[in-house]
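Given next are the chains, with one letter for each unit.
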Amino acid sequence: MDGDPAVEPEIDSFSRVLPLPYRVAIIVVLGIWAWGVNLHYLHLVKIDVPALIRYPSRQGPNSILHHHSTYRLATILSIPLAASLLLFWAITRGDKHAVLSWQILPQSYLFLIVLCFVLPVKRMSRSGRLHFLTTLKRISVGGLAEVQDGKFGDIILADVLTSYAKVMGDLFVSTCMLFSRKTVSTAKPDRGCGGVFLVPFIIAIPSMIRLRQCLIEYSRVRRNRTATSGWGGQHLANALKYATAFPVIILSAVQRGYNPETFHMSEAELFRLWLFFVMINSFYSFYWDVAKDWDLTLLSSSWERNNPEHPYGLRRHRYFHAHQMYYTAIVIDLLLRCTWSFKLSAHLDHFNDLEGGIFLMELLEVIRRWMWIFFRVETEWVRNNRGPAPDDILLGDFAGKIDDD
């Protein structure tokens, strides 16, 4: 950059206040706080999350609880983030040229996050960070541990990554812009940086990971088939759910780079095709959340929904005693699975294309996943302690062995 206004990067009003690297950092730190809240509340209702994910138990009466350790790491990361943001705002004051010139501040903080996860410092939740990195390494190519080695933890982390898929894409865009000669990472995000389909490919990686995990589960069932394990059809159905994300990702990329001269379909037809696939993905995923991940009966047969052993649409064994929690979660999950519906409104159709709108959608997806974790972990705890559902997609014939390990 030479300061020539003719070649100086563009910058939108939202990026003047919150450049892309800070948005990525905020969502990452928020995710750590959210995980701490997950651990804390589930601990209060007597659900042992560390046991489910095969996390090493605390040794000694003076050992800090897992959620306290997570809160401490989140605090350690939050303080420099707040300081960096305040310093950035004080220096730039929303001035375009200053914002473009001070990309070092947000990028330095992203580098700090990486250091905090790899440095061997005991006071920074060392065992938790090591467990996270070990699990991340294993699932990064779609790997999946055996039940006794922490399979449930692998699946939880891989599912969380699907909610961070767009954040991962933004992290790549930010890094790509940092090393670009034409722009800087605090400018308006160039989501075509590195090529039209590179960012969509990165966004698709978490779904690829879960897809491969489902196929691994299917192959395990086929190799060790028993009278109670079934033929593994639910694993294929689960794999199909993640596969439905790929047409949505591809068509979204094509719409952004639409060229009527090279693409043999009108823009309206392309949008309708995208809408068809996004509806399949959203409603299939919503069904799976409620019926399979949470074992609720709302979308089951009339007899199961109205079973007198449990409130309407729920299940018999529950650790969250307020029925409203389940019903509220179902409604919120449906609404947040369908944020694409903004594109159907004449007034909100461009909301998802604005930088502020994109950031809000990413935040809402992380919040939806945070809520999902409460009920997914509770469901797994019920399966382990009350017996698995007949069509359990995780435990199968291993269920009886969990508590004996």
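All values derive from a computational prediction rather than experimental measurement.

### Comments concerning the side chain of Thr-379
Thinking step 1. Relative to the helices and strands, Thr-379 resides in helix α16 (residues 355-386).
Thinking step 2. Setting aside residues up to four positions removed in sequence, Thr-379 forms contacts with Asp-293, Trp-294, Asp-295 and Arg-315.

### Quick notes on the state of the cysteines
Thinking step 1. Inspection of every chain in the model, using the stated rule, returns one disulfide.
Thinking step 2. One disulfide bridge connects Cys-176 with Cys-193, the sulfur atoms lying 1.9 Å from each other. Across the S-S bond of Cys-176 and Cys-193 the torsion is about -75°, and the bridge reads as left-handed. In this pair, Cys-176 sits in helix α9 (residues 165-178) while Cys-193 sits in the loop between α9 and α10 (198-223), placing the two residues 17 residues apart along the sequence. For the pair formed by Cys-176 and Cys-193, the shared burial category is buried.

### With respect to the confidence of the model for the chain
Thinking step 1. For the chain, mean pLDDT is 87; residues scoring 70 or higher make up 89% of the total.
Thinking step 2. Segment residues 2-6 is flagged for pLDDT under 50; beyond a separation of four residues in sequence, or across chains, it makes one contact in the model.
Thinking step 3. Taken as a whole, residues 387-405 scores under 50 in pLDDT and shows 37 contacts with residues more than four places along the chain or in a different chain.

### Re the pattern of salt bridges
Thinking step 1. Applying the stated criterion across every chain, the model contains 17 salt bridges.
Thinking step 2. Among the salt bridges present, the one from Asp-289 reaches Arg-368, with a minimum N-O distance of 3.4 Å. With a gap of 79 residues between them, Asp-289 in helix α13 (residues 267-293) and Arg-368 in helix α16 connect regions that are remote in the sequence. Residue Asp-289 shares its accessibility class with Arg-368, and that shared class is buried.
Thinking step 3. A salt bridge links Arg-368 to Asp-333, with the shortest nitrogen-to-oxygen separation between them at 2.9 Å. Remark: Asp-333 occurs in helix α15 (residues 323-337) and Arg-368 occurs in helix α16; sequence separation between them is 35 residues.
Thinking step 4. Residue class for Asp-333 comes out buried when judged on its relative accessible area of 0%.
Thinking step 5. A single salt-bridge network, built from bridges that share partners, covers Asp-289, Asp-333, Arg-337, Glu-365 and Arg-368.

### As for the nonpolar core
Thinking step 1. In this structure, Leu-42, Ile-47, Leu-77, Trp-294, Phe-375 and Val-377 are the most contacted members of the largest nonpolar core, which totals 67 residues.
Thinking step 2. Counting residues per element, this core draws most heavily on α16, which supplies ten residues.
Thinking step 3. Within the second largest apolar cluster, nine residues are counted, among which are Trp-274, Leu-275, Cys-338 and Trp-340.

### Remarks on unusual backbone geometry
Thinking step 1. One non-glycine residue with positive phi stands out, namely Lys-46, at about 70°.
Thinking step 2. The residue Lys-46 is located in the loop between α2 (20-44) and α3 (49-52) in this model.
Thinking step 3. Not every positive phi belongs to a glycine, and Asp-295 is a case in point at roughly 55°.
Thinking step 4. Along the chain, the position of Asp-295 falls in the loop between α13 and α14 (302-305).

Calculation criteria
- Residue positions within a chain follow its written sequence, with the count starting from 1.
- Totals for whole chains, interfaces and linings use all residues, but because this is a predicted model, local features are given only for residues with pLDDT of at least 70 and pairs of side-chain atoms are given and counted only at 80 or more.
- Working from all heavy atoms in the structure, the side-chain values ignore hydrogens and water.
- Elements are defined by DSSP. Helices are runs of H or I of four residues or more, strands are runs of E of two residues or more, and each kind is numbered from the N terminus.
- Here a residue-residue contact requires only that any non-hydrogen atoms of the pair lie within 4.5 Å.
- Any two cysteine sulfur atoms within 2.5 Å of one another count as a disulfide.
- Between buried and exposed lies partly exposed: a residue is buried under 20% and exposed over 50% of the maximum accessible area for its type, with that area taken using a 1.4 Å probe on protein chains only.
- On a range of 0 to 100, pLDDT expresses the predictor's confidence in each residue.
- A side-chain nitrogen of Lys or Arg and a carboxyl oxygen of Asp or Glu constitute a salt bridge if their distance falls within 4 Å.
- In this description, a nonpolar core means a group of buried Ala, Val, Leu, Ile, Met, Phe, Trp, Tyr and Cys residues linked to one another through side-chain atoms lying within 4.5 Å.

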